Structures are given as C-alpha cells and as structure tokens.
Amino acid sequence: MSSFSTPPTSAKKSRTRQRNRTPSSTAKGSKPDTPQTNGGGKRRGSNGTGKGRNNNNNNSPHTPHNNNRSVYETYVDPAAYSTANPGKTIVYGKFRGLTTSRKSGYVSPSKPPPNLFQCEYKEDATTLKRDVFISDLKARNRVVDGEYCYVVVDDVDTNDPSDDEDGADLAVENLAMEMEASTVSAAEAPKRQTWNSQEKQQTLWSPQHETNVPLPMKPLSKQEKKNLSQLTGRVIYAFPAEKPKTIVGVLKSNPNGRGGVLLNPISNKLTSFVVPASITQTGVLASGTYTPGTWGTRDYFPKLSDVSVIGNCIDIEAETIAALRGEGIDWDETFEKSVEADVLNSVEAGRNAGGWEPTEEDMVNRRDFRSDCVFTIDPTTARDLDDALCIEELPDKTGVLVSVHIADVTNFVKPGSNVDEEARNRCTTVYMVDRVIPMLPRDLCEIACSLNEGVTRLSFSCQFEMDYNGGLKTDAKGKRKVWYGRGVIRSKCRLDYRTAQNIISGKCGNGNQKEDDEFWDLPRQPVDGVSRETIAEKVRLMHRIAMGRRAMRFEHGAVTLNKVKLAFKMNKNDGEKIPEKAEAYPIYDSNRVVEEFMLLANYLVAEKLIMKGKGAGLLRRHEQPSQKGLTEAKEMAEACGVYLDISTSQSLQETLNEFTKRASATNSPDDVLKLQAITALLSQPFQPAEYFIASEFDQDDYIHFALNIPYYTHFTSPIRRYADCIVHRVLQAALDDDMDAYNSTYPKTSEVAVAERCNEMKQAAKKAQERSDRVFLSIFLKHNPIQSTMGVVIGMGEKSFTVLIPEIGAEGRVYLDDMKKRFHHKFVEKGEDGKKTIKISPTEEHRVEKQLTWQNLDVQLFKKIEVSVTCKEDPPVDIKIWLCGPHL
C-alpha cells in the first residue's frame, strides 16, 4: 500500500496544515532531519514497511475476551474503503483521549501529508474542521492518545435550515463568499488593516515589519451552531508511533473477575493496560513500556512490558517520580559524565576562588556595561538568574534608555556538544513543588551563566529607548533606536520580588536606616559602592514606565486570564515531607515590572529575526481561541448578567476590564466570584502557544493572540528554555549577516524538529508541574480537610458537575453517583428558566443524620453551593469534592 510510505518534509505550509502537522521529537538518538510522529516515530508501522500497524492478529495473555474471537475490527486501507463506500466521509487526524473517560476521545481533522490518502478536508467551519467524537473502545479501535488515524464519520441527518431565525444557509453563504473572494481583483478587494497602521500599536510596539491585523470573530448564529453539531465516527486505520511510550499508573485487579492485574494510567486519556502475569501487587504506583503497534484485534486492552513498581500512592517521592515519568521526563538533576565534562571544559579558563569570571579573551568584541547600574529581580529562592535590567534617563529628559541583559548561555553551550544535545533533549527546566530539574548542569545555570551580583558575566543584550508613558520612542521617520549584541555586565544588586515591592511601596530605599533594616533584606544589599537610594530610584522609575505600558497593553487588546497558583509550606514529619500550609502565591507589581520589559525585548528580537533571519527564526505564536468555545463561554457568562464581546482580543479584554472595575468598585463578593468563574470558562477554548520556524507559516499567522501583537519569540530565559538558545544563535547570525552559513549548518528540517520537541516538552513540563501541584494539594487536604466551603458551578453534566473552589483556587468534579446514599438527583435539560439543571434533594436518612433544613437544590451554571473537600481515598491521589447543600 504505497500510500502509507513515510511522508517527505513539506514545503511552506498554510495556517491550517501547519497547525495540524504531525509532531516530532528530537530526543537523543533520534534523527532530527526525518519527519516524525508523536513520540519521535516516523509515520509508519513498527515493522518499518510504512504500512501502519501489523498487529491485527496478536493475542494477549490476559485478554478478558475469547482469544479465538476478535474484539476490534481489522484495519483497512482508507483509499480502498473510500472507493467501496463512496457515500462515506473519511477524515485524517490526531486522536485525543478525553480526560474524563478512558474509553472515549476526539479526532481533530487535519490535512493528510501529500503521500497519504487524501480524504476530504475543508477549511470552513461548516464541514470537517470539526472534531469527530469517538464514543467507546470499539469505535476507538486500538488507537492510543496522540496517534494519527483515519476515521469514518457516521452519517449525519441534514437539517433543513429554513426554520432558523437568521434565515440563511451558512454553507451556501460561505461557498458564495469563497467564490467571490476567488474572483475579485486585488484592486477591488477590501484592504486589510495592518498592525503598523494602528496608532495605538505604533505607540506600544512601533512595528517595523508590516503584517495584517486578524479579522474579527463573531458569535456563532443558530445555523452555524447547527452546522457545528457533534460528529461521531470510528477508527479504520491508525499509525503507531515508532518510539515506545512510558505508561504510569496504579496497579489494580482486573475488575472483570478473570484474574490478572491491570495498570490504570494516572491520565484518563489512556485506557487500561494489561501487565505481565508475574506482576501480582496491587494498589501501588507502577510504570511500564507500551510498544506502539502491539495492540491486537483480540486484545481488549493493550499490553505493557518492563513493568516496575515505583512506590506507594500518597507517598510524595513516588508520586513525584510518577508525575515526571508519566510525561516522558525520565531524568533528574544529575547529568552524564560526558555532559559534565563539556561544562568543565567550557568554564575551565575562567575558574577562580570565587567561582568563575570571563577571561580577557572572552570579552573581546563585546560592549562593556560593567559600570552601568545593572540589577536583577527574581523569586526569593532563585539560584539561576538569567535576566538583568538597567534604566538610565536620556540626556534630553524625553525618556529613558532600557537595557535588558540576558545570560549568554550559547557562549558555553556549543552546537553539537554533549551538553547541547542534552539540553536539546530536555528542552526546559521542570519546576515541581519540592524540586527543580534543570535543563543545564548547575555549574552553568547557577555559576557561570547566572547573573549574580558583584561578579563579571557575559550577556546577550537588547537596548531600546522609551518615553515616560511606556511607549517606544521613534524618530521623525518612525524608526526606533534599538541595539542588539553581546556584552559584559556586573550586577550591582540582587533583589527579590518582595524587596523590590517594598521599594516600590516606599517602605525602604528612602535614606532611613531603620526602614531599610526592616524591609530590605541583608542578602539583597547593593555592592560595588552603589547606594540603596540609587537602586530604589531606578526601581521606581522602571515601575512607573512598566505600569504605564501595562495599562496601555491591556487597554489595547492584551488578554490575561489569571488563575490562583498555590504555594506550599513544607514540614518534615519523621523525615517525610508533608505540606502543612497552602496559600495563594503572591503576585506583586514588581513581578509585572520584569514581565513588561522581558515581553518587549522578546518582541524586538522576534522582529529582528523576521527581517534579517531569512526564514530561520524560531518564533512563538498563539492562535485565536476556538470560536465555538468562546461562543459557549459568552452565552454562559451572559446568562449570569456578564456581557462579553469576543470579536477581538481587545474587545474581550475591554469587557473583562469593565467587569473587573465593577467588581472592584462595588466590592461585591458575587462579582468577584463570577470573574473567577468566567476566567475558568474562558481558559478552556484557548489553545496553548507554540514554537515554529518562520518559513513554515504565512506571516499573517505569526500573531500572538493573548499579547495582541503581530509576532513574538522567547529570548530572555536561555538557562531554562532551549528555544531561547536557538533564538540567540539565529539572532547572532542575523546580526553578523551570516544567515546563509547558518541555514547550511542547520537545515530547516532539523530546526522544525527542534521547535516541535520544544513544544512537546513545554507541555510535558506543564502537565508534570500541574500534577505535582495537585498531589501536594491532595496530601495537604488529607491532613487538613475542608469541612465546608463555598463552590461555584462552572460546568454541567447529567450526573456530575464541575466546581471552582475559590478558597484553594482549584477545580474538581462532583460525582452524584458517589453520593446516592445522601442525595437523590434528576437531570433536566431545560429547567423552569430554560437552563440545564440538576435537581437534588437529600435522602431521608441523610436529612435526619445531618439535621438538614433544606429540601431541594437546583444546581445550575454559576450556582453557589456548599461543598467539603478532602483527599480521594482510592488511588490515584486527587482531591475529592462532596456536595453539602445550598450556600447560605
């Protein structure tokens, strides 16, 4: 079947094709110049023939079904199936398991690679850009989360749209618009607005590269929502990843009574797995290896090999290892000897009694900033300081010169070296609650590269002029004064966010010794003869400009959805780490000062890469949210009296700002709760930002929706992000006008693979961190259960609902079937007010036992209820939310 050969690397991709491209991995040992699928495997079968799975007759030693009878359909050639069934619709895409079900999931249709069977795929929202729901294991037909497959879409009844109030068949309307667009001349076509034609954007960003502003979105009409009704289907062919996958979960007895042990993954996106007969222990955390392509038609569940026990559930060490290993992070803070040897060689010449400083040779051809008043602002516990700031007023007093100095990591991490390969594999530093797993060895990230105070360090710097309101200064021709290049710095002060906030608030830095002793920590004192008053003056000036800029950014379209992040205080009990306190992590204005200048430096570097990088720049984009998801969030919010304008990021943020102002002005607890609930709802349709290579996208699709800017990258954290290291290399090549040599050294296929690996590992680290937060919160609640607190309903099902708990900033599902002895419940699609409702009443036994006075509770979206929260008794560890009753 020649249509299933490994697809070649494509040329420049359209927005849709690129968004749905097959992901790849560049872990150690993989070939970065080969197109690969999820987990690093080429899009081919495990037998290397390019024919998908060769597993239609495998047997499992623990299958719960008769081995002589197939459980699943044999895979069929989609081209042959299409020919034999001309009335059927086939789509190609990646399978995504549901987080609430081990059996179900979705396939997001995308355009198949050129050498695969070209099934139907259309760009407009009325046809097959919709996800296809896969309802159960049989329809799923052995495809695993993250794998690509072909799906036959179930027949859909075509509704007559004539009863729609809008009175238009959207499909016909869209077709007419497409035909009109294809025939209209360039002169007749309406002119798109550009970013640099907008006065507000000129003030904020002064774009030097012209790109189009995205077209506004609008809420879906009734007919559009009809056309977007849920499609269902079944998998007829799947492409296994070539790279084995580590599966982590809890060992449990086979519930079917047929003996044997299953591993239930921590992630509900994955089905249960059969473990070897030699594994008999249950109720513990374990990991095993799944070999893609080995799930046979007679195997109800796929099989694992190399299964090993990690440890007991609710044990912090075991849970942390499980969280990391489950996301493919199978390394720790240690490094191989070859990597450490590379690091030692790179820093050997500069070693001294105090650690490390650059040699005279290291500082050749660098701009010297050592006499400038440079300082850092970081978390209190930070050990790897990769960014520093400096601000000076311009001689004519019309503004300031801001310098953003970034650790020059690539001076030490040379392409192709062992340390570079390791960093390329890890891609990111991982921050768990109780530990940090660095991307680079500590001799680099905490010593040679860290911009510590009182020592000389190498930097990659970006300087720019700003006015006092936070805008970028330009000359009469609209040109900016920006400098990029390598430098040498010597930080004069190591501030943390708390001390910087004390300075901003006027608690210290005023020449009062008593105040300074109380509010300016001793380890944070300036060095090299710089006074505290000098540092304070610069911090306050920087704060004034940053806050002015931030206000303009959100006024002109930037979007932020702030969720509560918990911080835990640990207590060692008989050597075991136990979280004894959980509270919201504080965010100060000082955090935002640093953020504003880092954002601006990243933007300016992105622009340089676009204009001088000849398509090789590694950029970061953020797509517009799902229109369907935003429409649903808008409707839910408006049902509770909160209007949202979702047409653009600016209009969305403006309406959020208005509601925030109202909540602040009225000091209404209800409004504050609604804001938290709406934030949780809006976060669902937002897509994660992604790295990409500039030549792989049309320039109009470089947009970063949340920041509301035409292009963006990551330049400011090379100690903890490999993407930033790539950006540093490309930027230097662009500054040297040496891009041809760069492109010959780093082929585009290799750089695309790096970008995709960075995306993969950034999401893996994020999930591991979120799991770590959840584990620690659950263990905290085990020792400190919340007997009664308020919850806000933010999602509705028929037998369960999702609750936001403001006290701990957590969300969770309330399962009513778990409380049958306490409550009766009945789902009503449309209650008396037309809203989805779950009608709940206490059982007589529960009413008497708890002396309840309430009779009935209607659970609806944004309803306030009373809940209790504790740790779930059954593994895997998680929080458990119990309904108590109405919130009084």
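First, a word on scope: everything that follows refers to the structure included in this document. (Residues numbered from 1 in each chain as written. Predicted model: local features only at pLDDT ≥ 70, side-chain atom pairs only at ≥ 80, totals over all residues. Heavy atoms only, no water.)

What to know about the state of the cysteines
For clarity, the cut-off: For this text, the term disulfide refers to a pair of cysteine sulfurs within 2.5 Å. Note on classification: 1.4 Å probe, protein chains only; a residue is buried when its accessible area is under 20% of the maximum for its type, exposed when over 50%, partly exposed between these limits.
Taken as a whole and assessed by the stated rule, the structure comprises zero disulfides. In this structure Cys313 is a free cysteine whose sulfur lies 10.0 Å from that of Cys871, the closest cysteine sulfur available. Residue classification places Cys313 among the buried positions, given a relative accessible area of 18%. We note that Cys449 lacks a disulfide partner, and the nearest cysteine sulfur, in Cys445, lies 8.0 Å from it. The exposure class assigned to Cys449 is buried, which follows from its relative accessible area of 2%.

Let's talk about the sheet that holds strand S9 (residues 284-290)
Filter applied, for reference: Here the rule is simple: two strands pair whenever DSSP picks up at least two bridges between them. Helix and strand assignments come from DSSP, with helices taken as H or I runs of at least 4 residues and strands as E runs of at least 2, each series counted from the N terminus. Note on contacts: a residue pair qualifies if any of its non-hydrogen atoms lie within 4.5 Å across the two residues. The axes used here are C-alpha line fits, helices contributing only the stretch in contact, and every angle between their N-to-C directions lies in the interval 0 to 180 degrees.
The antiparallel open sheet is built from five strands, whose spatial order is S8-S7-S6-S9-S10. Each edge of the open sheet is held by one strand with a lone partner, namely strand S8 (273-274) and strand S10 (305-312). By the bridge criterion, five bridges tie strand S6 (residues 245-253) to strand S7 (residues 261-265) in an arrangement that is antiparallel. What sits directly across from Val250, in S7, is Asn264. Packed onto the sheet, helix H7 (residues 316-325) meets S6, S9 and S10 and runs at close to 145° relative to S10.

Things to note about the pattern of salt bridges
To keep it simple, the criterion reads: A side-chain nitrogen of Lys or Arg and a carboxyl oxygen of Asp or Glu constitute a salt bridge if their distance falls within 4 Å.
The final tally for this structure, using the stated rule, is 40 salt bridges. Asp443 is the partner of Arg351 in a salt bridge, and the nearest nitrogen-oxygen pair spans 3.2 Å. With Arg351 in strand S11 (residues 351-352) and Asp443 in helix H10 (residues 442-448), the pair connects residues that are 92 residues apart, well separated along the chain. Under the relative-accessibility criterion, Asp443 is labelled partly exposed at 23%. The residue Asp496 makes a salt bridge to Arg524 at a minimum N-O spacing of 3.8 Å. Here Asp496 is found in strand S21 (residues 493-496), whereas its partner Arg524 is found in the loop between helix H12 (513-519) and helix H13 (532-555), with 28 residues between them in sequence. Taken individually, Asp496 and Arg524 each receive the classification buried, so the pair is uniform in this respect.

Let's talk about the packing of helix H9 (residues 418-426) against helix H20 (residues 748-783)
A pair of packed helices is characterised by two quantities: the angle between their axes and the separation of those axes. Where we set the bar: If an angle is under 35 degrees, it is roughly parallel; if it is over 145, roughly antiparallel; if it lies from 65 to 115, roughly perpendicular; otherwise it is oblique. Residues were grouped as follows: Ala, Val, Leu, Ile, Met, Phe, Trp, Tyr, Cys and Pro as nonpolar; Asp, Glu, Lys and Arg as charged; and all remaining residues, including Gly, as polar.
As a packed pair, H9 and H20 sit with axes 8 Å apart at the nearest point and diverge in direction by 55°. What the angle tells us is that H9 and H20 run oblique. Residue-level contacts link Arg424, Asn425 and Arg426 of H9 to Ser750, Val754, Arg757 and Met761 of H20. In terms of residue class, the contact of H9 with H20 is built from two nonpolar, two polar and three charged.

Digging into the pairing of S6
Residues in a regular strand project their side chains so that they alternate between the two faces of the sheet. Bridge count for S6 against S9 is six bridges, and the pairing is antiparallel. Residue pairing for S9: Gly249 is matched across the bridge by Ala286.

Focus: the nonpolar core
Spelled out, the test is: The set of buried Ala, Val, Leu, Ile, Met, Phe, Trp, Tyr and Cys residues whose side-chain atoms join them within 4.5 Å is what this entry labels a nonpolar core.
Within the largest apolar cluster, 116 residues are counted, with the highest numbers of intra-cluster contacts made by Val404, Leu440, Leu444, Phe464, Met466, Leu495 and Phe597. With 13 residues, helix H14 (residues 589-612) is the largest single contributor of residues to this core. Contact partners of Phe464, with chain neighbours within four places excluded, come to Val400, Leu401, Val402, Val404, Leu472, Lys481, Val482, Phe597, Leu600, Ala601 and Leu604.

Topic: helix H8 (residues 337-347)
Selection rule: Summarising the geometry, the arc corresponds to the directions from the helix axis toward the C-beta atoms.
Where H8 is concerned, the buried positions are Val339, Val343 and Val347. Taken end-on, H8 shows its buried residues confined to a sector of 60°, consistent with a single buried face. Across H8 from its buried face, at more than 90 degrees, point the exposed residues Lys337 and Asn345. At its buried positions, H8 is contacted by S11, strand S12 (355-356), H9 and H10.

Some thoughts on the sheet that holds strand S1 (residues 89-97)
Strand order in this closed barrel of five strands is S1-S2-S3-S5-S4, and the pairing throughout is mixed. Direction aside, the axes of adjacent strands within the sheet are offset by 50° on average. The sheet contact formed by strand S3 (residues 132-134) and strand S5 (residues 231-239) spans two bridges and is parallel. Note that in S5 the partner of Phe133 across the bridge is Thr232.

Here we look at empty space enclosed by the protein
What counts is decided by this rule: Lining residues are those with an atom within 4 Å of a point, where the points come from a 1 Å grid over the protein atoms alone and group into cavities, where a 1.4 Å probe fits but cannot get out, or pockets, open sets with protein on both sides within 12 Å along at least five of seven lines. Grid points are joined across faces, edges and corners, and a volume is the space filled by probe spheres set on the points.
Under the counting rule described, the total for this entry stands at five cavities of 30 Å³ or more. Broken down by secondary-structure element, the contributors of at least two residues to the lining of the second largest cavity are helix H18 (722-735) and H20. Residues of the lining of the second largest cavity, tallied by class, amount to five nonpolar, one polar and two charged.

Quick look at the side chain of Arg550
In plain terms, the rule: In protein, a polar contact means a hydrogen-donor-capable atom and an acceptor-capable atom, both N or O and within 3.5 Å, with residues adjacent in sequence counting only if both atoms are side-chain atoms; elsewhere, any N or O pair within 3.5 Å suffices.
Checked against the element boundaries, Arg550 lands in helix H13. Judged by its relative accessible area of 12%, Arg550 is buried. Within the structure, Arg550 has its side chain in polar contact with the side chain of Glu596 (distance 3.4 Å). When neighbours within four sequence positions are excluded, Arg550 is seen to be in contact with Arg592, Glu595 and Glu596.

Remarks on the environment of Glu756
In this fold, Glu756 is placed in helix H20. Considered as a pair, Glu756 and Tyr691 are 65 residues apart in the sequence and their alpha carbons are 7.1 Å apart.

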